[in-house]
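Summary of structural features
What follows is each chain in one-letter form.
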Amino acid sequence: MNIEGIKVDLESGKLLNYTKKTVRRLSDMKEFYHDKSAVQAILKESNPIIYEVYAYETERKEGNLSFATTILYPGKIGKEFYMTKGHFHMKRDRSEVYLGLSGEGLMLIMNEEGETKVIKIEPNLVIYVPPHHAHRAVNTGEKPLIFLAIYPSDAGHDYGIIMEKGFSKIIIEDNGAIKIIDNPNFKK
């Protein structure tokens, strides 16, 4: 194993010497947003980047940790703010830690029964995501929301269950106010 320090460019949010980069565009996220007509209207004109992840992944075995920075851009699809796909871990008994670096947003944390808590993401705030909980970041600000995530390397990401069932809550802007509402598409 290569042991080294990895730098984060705090201005851009990019993890330097990353081993994997992921770019999620609206076309990758279209099933995750509530307003399908807004998704289609935007995709007719463009395919915006919703977020980027710069990960340093270690061998996927018990005991190892991986980490990543995410740059979640500002914007909305209809009334719904830009967000990450959100996921449970494939190994449900794995937890995760987030550290807000810049920007502002909210973290949805949902258990397997659909009960959801919402925690503010802001610089220098650490958020603990317990085992058996899905989590999704939402950018409610006007600048990129940037955060660091640290997770067990063997945790895996289960995006499929989120695409199928959704989160029980969505975060929208309504008449200039941020609102957390029930997701009408949520399937228990």
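A few points on the structure. (Residues numbered from 1 in each chain as written. Predicted model: local features only at pLDDT ≥ 70, side-chain atom pairs only at ≥ 80, totals over all residues. Heavy atoms only, no water.)

**Description of the sheet that holds strand β1 (residues 20-25)**
Taken together, 6 strands build an open sheet; the order of strands is β1-β2-β3-β11-β6-β9 and the sheet is antiparallel. Sheet topology places β1 and β9 (126-129) at the edges, where each strand pairs with a single neighbour. Ignoring which end each strand starts from, the neighbouring axes of this sheet average 20 degrees apart. Bridge count between strand β3 (residues 65-72) and strand β11 (residues 145-152): 8 bridges; the pairing is antiparallel. Note that in β11 the partner of threonine 70 across the bridge is phenylalanine 147. (Pairing = 2+ DSSP bridges. Helix = DSSP H or I, 4+ residues; strand = E, 2+ residues; numbered from the N terminus. Axes fitted to C-alpha atoms, helices over the stretch in contact; angles between N-to-C directions.)

**Considering the packing of aromatic side chains**
Taken as a whole, this structure holds 3 aromatic pairs when the rule is applied. Centroid distance tyrosine 18 to tyrosine 54: 5.1 Å. Interplanar angle 70 degrees. Geometry classified as edge-to-face. Within this pair, whereas tyrosine 18 is found in the segment before β1, its partner tyrosine 54 is found in strand β2 (residues 49-56), the two being separated by 36 residues in sequence. Taking the relative accessible area as the measure of exposure, tyrosine 18 reaches 39% and is therefore partly exposed. For the ring pair tyrosine 56 and phenylalanine 67, a centre distance of 5.3 Å and an interplane angle of 20 degrees mean the geometry is stacked. Placement of the pair is tyrosine 56 in strand β2 and phenylalanine 67 in strand β3, with a sequence separation of 11 residues. For tyrosine 56, a relative accessible area of 12% puts it in the buried group. The class for phenylalanine 67 is partly exposed, based on a relative accessible area of 22%. Across from the ring centre of tyrosine 159, 5.3 Å away, lies the NZ or CZ of lysine 85, which sits over that ring. (Phe/Tyr/Trp six-rings, centres within 6.5 Å; stacked < 30°, edge-to-face > 60°. Buried < 20%, exposed > 50% of the residue type's maximum accessible area, 1.4 Å probe, protein only. Lys NZ or Arg CZ within 6 Å of the ring centre and 35° of its normal.)

**Quick notes on the environment of glycine 166**
With respect to the element layout, glycine 166 can be found in the loop between α3 (160-165) and β12 (169-174). Between the C-alpha atom of glycine 166 and that of lysine 85, which follows or precedes it by 81 residues, the distance is 9.4 Å. Glycine 166 has contacts with Met110, Ile161 and Phe186, leaving out every residue within four places of it along the chain. (Contact = heavy atoms within 4.5 Å.)

**Some words on the pattern of salt bridges**
Here the structure, examined in full by the defined rule, presents 11 salt bridges. Linking aspartate 174 and lysine 79 is a salt bridge whose minimum nitrogen-to-oxygen distance equals 3.1 Å. Of this pair, aspartate 174 sits in strand β12 while lysine 79 sits in the loop between β4 (76-77) and β5 (80-81), and the two are 95 residues apart along the sequence. Note that glutamate 122 is salt-bridged to lysine 120, the shortest N-O span being 3.7 Å. Taking the relative accessible area as the measure of exposure, lysine 120 reaches 46% and is therefore partly exposed. (Salt bridge = Lys/Arg side-chain N within 4 Å of Asp/Glu carboxyl O.)

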